[in-house]
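Fold and contact review
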Amino acid sequence: MYSIILLWIFAVKSINMNVLGIIPARYGSTRLEGKPLLDICGKPMIQRVYERANQILKNVVVATDDARIEKAVQDFGGNVVMTSKTHNTGTNRCLEAYEIFSSSSNLNFDVIVNIQGDEPLLEPNQIGLLTSCFKDKSTELATLINPVTENENLFEGGVFVVVDKFKNALYFSRSVIPFVRDEDKFNWQKKHEFYKHVGMYAFTPKALKEFANQEQTSLELAESLEQNRWLENGKKIKVEISNYHTIPVDTLADLENVRAIVNKSLRKV
């Protein structure tokens, strides 16, 4: 694994990109309040995410609106910026954090990666895979997708995406897409390649500003998926296929599962 991470680090450097990883972290959550500060084998969740991202990125910053999270990040020596409490999306919070951090650090960034703060088992090489999309100079916004390998996984929820032959997203939906006509749904996976969305994005600074300042659109509101805003405005989202399946922490059951995995890995060290 360490050698794979090194390869991705060299890949990022080889295309001369300066990348900033931003981890939006709110205290409030409808399902699991205070998620970023929940303990995972001696470290708060936000520290687990930060350290995984920091394995591949030189510059990582937590964007929060809560003093408790700010202090926790400062305590483990991480970068943190305080952002407004009024942001309605993580993308808008990322824009403010980018502007604050780039100004205070006097650094210019080519790519900004929006990293989910509730994925303590984040695979660092996913970030490398995502940033590799920017080898294509026309890429403004990129994200990751997972292939669905078992038919039953089609009906366990999640966000689905259909893509074109050039690895551009066509549409994101909370419904299973596409619909396979004249076929029993239990055979769908054998008839078509389905993909689920991995909630990590990368932007050029220009695209991040443009996206954050666009009005919400009908497809975004209908699906409650902000990436559809970009598509509905006629823009492209480059996708790359990842075979890594991380575990987001949304419930106490998820938290216990992650704790068990981390504890098992620590015993092997």
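Quick notes on the rules
- Residues numbered from 1 in each chain as written.
- Predicted model: local features only at pLDDT ≥ 70, side-chain atom pairs only at ≥ 80, totals over all residues.
- Heavy atoms only, no water.
- Axes fitted to C-alpha atoms, helices over the stretch in contact; angles between N-to-C directions.
- Helix = DSSP H or I, 4+ residues; strand = E, 2+ residues; numbered from the N terminus.
- Parallel < 35°, antiparallel > 145°, perpendicular 65-115°, else oblique.
- Left-handed = near helix turned anticlockwise from the far one by under 90°.
- Contact = heavy atoms within 4.5 Å.
- 1 Å grid on protein atoms, 1.4 Å probe; cavity = no way out; pocket = protein on both sides within 12 Å on 5 of 7 lines; lining within 4 Å.
- Points joined across faces, edges and corners; volume = space filled by probe spheres on them.
- Phe/Tyr/Trp six-rings, centres within 6.5 Å; stacked < 30°, edge-to-face > 60°.
- Buried < 20%, exposed > 50% of the residue type's maximum accessible area, 1.4 Å probe, protein only.
- Lys NZ or Arg CZ within 6 Å of the ring centre and 35° of its normal.
- Disulfide = S-S within 2.5 Å.

To continue, consider the packing of helix H4 (residues 90-105) against helix H7 (residues 205-213). Interaxial distance between H4 and H7 falls to 9 Å at its minimum, and their mutual angle equals 135°. In this view, H4 runs oblique relative to H7, as classed from their interaxial angle. The two elements H4 and H7 meet at a crossing, and its hand is left-handed. Note on element contacts: H7 touches H4 through Pro205, Leu208, Lys209, Phe211, Ala212 and Asn213, opposite Thr91, Asn92, Cys94, Leu95, Tyr98 and Glu99.

Further remarks concern empty space enclosed by the protein. Evaluation of the coordinates by the stated rule reveals 1 cavity of 30 Å³ or more. Approximately 40 Å³ is the volume found for the largest cavity. Around the largest cavity, the lining residues are Ile115, Gln116, Glu119, Leu122, Val198, Gly199 and Met200.

Before going further, it helps to examine the packing of aromatic side chains. What the rule picks out here adds up to 9 aromatic pairs. Look at Trp188 and Phe194: their rings are 6.4 Å apart centre to centre, the planes differ by 5°, and that puts the pair in the stacked class. Taken individually, Trp188 and Phe194 each receive the classification buried, so the pair is uniform in this respect. Plain terms: the ring middles of Phe203 and Phe211 are 5.8 Å apart, the flat faces sit at 45° to each other, and that makes the pair tilted. The class for Phe203 is buried, based on a relative accessible area of 1%. Ring-pair connections join several aromatic residues into one group, and the members of that group are Phe155, Phe179, Phe186, Trp188 and Phe194. Above the face of the Phe155 ring, Lys185 is positioned so that its terminal group lies 5.1 Å from the ring centre.

This next bit is on the state of the cysteines. Taken as a whole and assessed by the stated rule, the structure comprises 0 disulfides. Considering cysteine sulfurs only, Cys133 is the nearest to Cys94, which forms no disulfide, with 17 Å between them. On the basis of relative accessibility, which here comes to 2%, the residue Cys94 falls in the buried class.

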